[in-house]
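If you want the building blocks of each chain, they are given just below.
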Amino acid sequence: MKTVLLRLSGFTVFPLLSLITPFLLLPIVSSIVGGDGVSSVISGQAIGTFAATALMWGWNVDGPVAIARATTPDERATVYLRSVRTRIVLMVFALPIASVVAAFVAVPEFRVEAVSMTLATALVGMSPAWFCIGLGQPKLLAYYDTIPRFAATLVAVPLLLATHQVWSYTLVLAAATVISLVLFHRRFSAGGVWLPRPLGAALRDLRSQRHTAGISMAGSAYASTPAPIATATTSPLASGSLSTADTLYRFGLFTVVALGNAFQSWTIEPGIANRRQRHAFALWSHIGLGGAGLVILVLAGPWVSEILFAGQASATVEVCLYYGIAFFFLSAGTPLMRNILIPAGRQRLILRWTLISAVLGIAAMLLAGLSGHAPLIALGMALSEAVLCMALAIPAFRELRREKGENHAL
C-alpha cells in the first residue's frame, strides 16, 4: 500500500503541474480572442486531443505493460524506439488532417487560433510519459514531460502578451517537446534510430496494436467531439458555455489518469497473493473519485469557468451536471479496462463496446446540435460513457471470478 500511495502522489502531482500551467493561459487567450473565439480555441484543443490519441496509437495502454515486463534496459529501449517510429509515421497523416478539421469547425475569424491550439495539443502524443509509467518512476515523468511543458507555458505567457498571437505558444511547445525527446533518447535509447526504416516494421507494429488503438481512438472520438459539434452547429454564446465546461471536465480527467497510472502496475504485477483485494481497492477508489468529480463540477463549475475565461464565457449548471455524469462513468470504467480486461487480452471486447458507445453518443450529440440544444450535446457524451462502463462491468467481474477460481485450484 505504501508503494501505491507513493506512486499515486508522484503520478498526481507532476501531471497536475503540466495540466495547470496551460490553464494559466486561458484568461490571456480568452482576452485575445474574445467571447466569439473561445469555442474555436477549445475546439482546437479537443481536435488536438484526438490527434494526440492517434499519435499514441496503442502505446499509452500496451506500452506501460511492455515496459513493466521488460527485464533489461535493451529490451526497454527496443520498445521505446518501436513506439517512436510508429508515431512518426502517424504524424505525417494526423497533423495535417487535424489542422484541416480544426479550420473547418472554427469560426472563420479564428481559424488560425484553432489550428494553432490543435497542433500544440497534438504534440502531447509524442510524450514518453507512458514509458515512465511502465517503469513506475514519476520523477522521470517530471523530467521529460511535466517540466518541459511547464517551462514552455511560462515562456509563452510574455510572448502571448506581447504579440497577441496564439500560434506563438505552439512554437514554444514544439521546441520544448523536441528538446525533451532528444534528451530522453540519449538516456534510454542511445544509438537507436528514430526514422521508420524499414517502413514495414513500423507498419507491422501499427497492425499489431490495432485493437488497443481502436479502443483509444473510439473513446477519444466521442470524448473530443462535444466542443467541435457545438461550435459547428450552435451559436457562439451557446458553444462557448459548453466549451468552458468541456475544458473543466478535461482538467478533471488528470485525476482519473493519475489514479489509473498508480494502480495499473500495482494490480497486475506478478507474484502477488492479494490481487483480488487490490482490484477492489482500485475500483472503489475510482468510483469515489467519479462521485467527487460529479459534485465538484456541478457546484463549482459555473463560477470557476467564469474566472478561467476572464468573463468571456461561463458554463451553466445543466451542462456541468451532464459533464459530471460523464466523469463518473469514465472514472468507474477505467480500472475495468486497464486493470482487468486489457491484461486478460479482452481488447476486442472493449473495442466492440467502445465503438457501439461512440456511435450512440456521437449520434445523440449531432441530433442535439442540429436541434440547437447545446446542453444536450454534453448529455450525449455522458450516454457514451454510461453505456461503455455498464457493458464492460459484467465481463470484468467474470474475469475476476475466473481468476479467483484459478487461484483456489492452485
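Residues numbered from 1 in each chain as written. Predicted model: local features only at pLDDT ≥ 70, side-chain atom pairs only at ≥ 80, totals over all residues. Heavy atoms only, no water.

As recorded in an unreviewed UniProt entry, the chain goes by Polysaccharide biosynthesis protein and comes from Agreia bicolorata.

1. Observations concerning the confidence of the model for the chain
For clarity, the threshold we go by: A score from 0 to 100, pLDDT tells how confident the predictor is in each residue. In DSSP terms, a helix is any run of H or I states spanning at least four residues, a strand is any run of E spanning at least two, and both are numbered starting from the N terminus. Any two residues whose heavy atoms approach within 4.5 Å are treated as being in contact.
Per-residue pLDDT for the chain has a mean of 82; in total, 89% of the residues score no lower than 70. Ranking the elements of the chain by mean pLDDT puts helix 1 (residues 2-33) last, at 60, and helix 14 (residues 317-341) first, at 92. Of the regions scoring below 50 in pLDDT, residues 2-6 engages in three contacts with residues more than four places distant in sequence or in other chains.

2. As for the packing of helix 10 (residues 210-224) against helix 15 (residues 347-370)
Rules: Simply put, an axis is a line fit to the C-alpha atoms, just over the touching stretch for a helix, and the angle between two N-to-C directions goes from 0 to 180 degrees. Should an angle lie under 35 degrees it is considered roughly parallel, over 145 roughly antiparallel, and from 65 to 115 roughly perpendicular; all remaining angles are considered oblique. A clockwise turn of the near helix away from the far one marks a right-handed crossing, whereas an anticlockwise turn of less than a right angle marks a left-handed crossing. Note that Gly is not counted as nonpolar here; it falls among the polar residues with everything else outside the nonpolar set of Ala, Val, Leu, Ile, Met, Phe, Trp, Tyr, Cys and Pro and the charged set of Asp, Glu, Lys and Arg.
At a minimum axis distance of 8 Å, the contact between helix 10 and helix 15 shows a crossing angle of 20°. Relative to helix 15, helix 10 is oriented roughly parallel. The crossing of helix 10 and helix 15 is left-handed. Two secondary-structure elements touch here, helix 10 through H211, T212, G214, I215, A218, G219, A221 and Y222 and helix 15 through Q347, R348, I350, L351, T354, L355, S357, A358, I362 and M365. In the contact of helix 10 with helix 15, the residues fall into 10 nonpolar, seven polar and one charged.

3. Overview of the environment of A382
Heads up, the rule is: Three exposure classes are used, based on accessible area relative to the maximum for each residue type with a 1.4 Å probe and protein chains only: buried under 20%, partly exposed in between, and exposed over 50%.
Mapped onto the fold, A382 is located in helix 16 (residues 374-409). Note on A382: relative accessible area 3%, which makes it buried. A sequence separation of 21 residues divides A382 from G361, and the C-alpha atoms of the two residues are 7.7 Å apart. Setting aside chain neighbours within four positions, we find A382 in contact with Y322, I325 and A326.

4. Overview of the nonpolar core
The criterion, for reference: Residue types Ala, Val, Leu, Ile, Met, Phe, Trp, Tyr and Cys, when buried and joined through side-chain atoms within 4.5 Å, form a set referred to as a nonpolar core. Where each domain begins and ends is defined by an automated method or by a domain database.
Counting 70 residues, the largest nonpolar core has Y249 and Y323 as the members making the most contacts within it. Among the elements that line this core, the one with the most residues is helix 14, at 11 residues. Split by domain, this core shows at least three residues from each of two domains, domain 1 (12-208) and domain 2 (234-409).

5. What to know about the layout of surface pockets
Under the convention used in this document: In this analysis the probe radius is 1.4 Å and the grid spacing 1 Å, with only protein atoms considered; a cavity is a set of points the probe fits into but cannot get out of, a pocket is an open set with protein on both sides within 12 Å along at least five of seven lines, and lining residues have an atom within 4 Å of a point. Grid points are joined across faces, edges and corners, and a volume is the space filled by probe spheres set on the points.
Approximately 370 Å³ is the volume found for the largest pocket. If you trace the largest pocket, you find 19 residues lining it, with I47, F50, A51, I97 and A98 closest to the centre. Mapped by element, the contributors of at least two residues to the lining of the largest pocket are helix 2 (35-56), helix 4 (73-105) and helix 10. Considering each element in turn, the lining of the largest pocket owes the most residues, eight residues, to helix 4.

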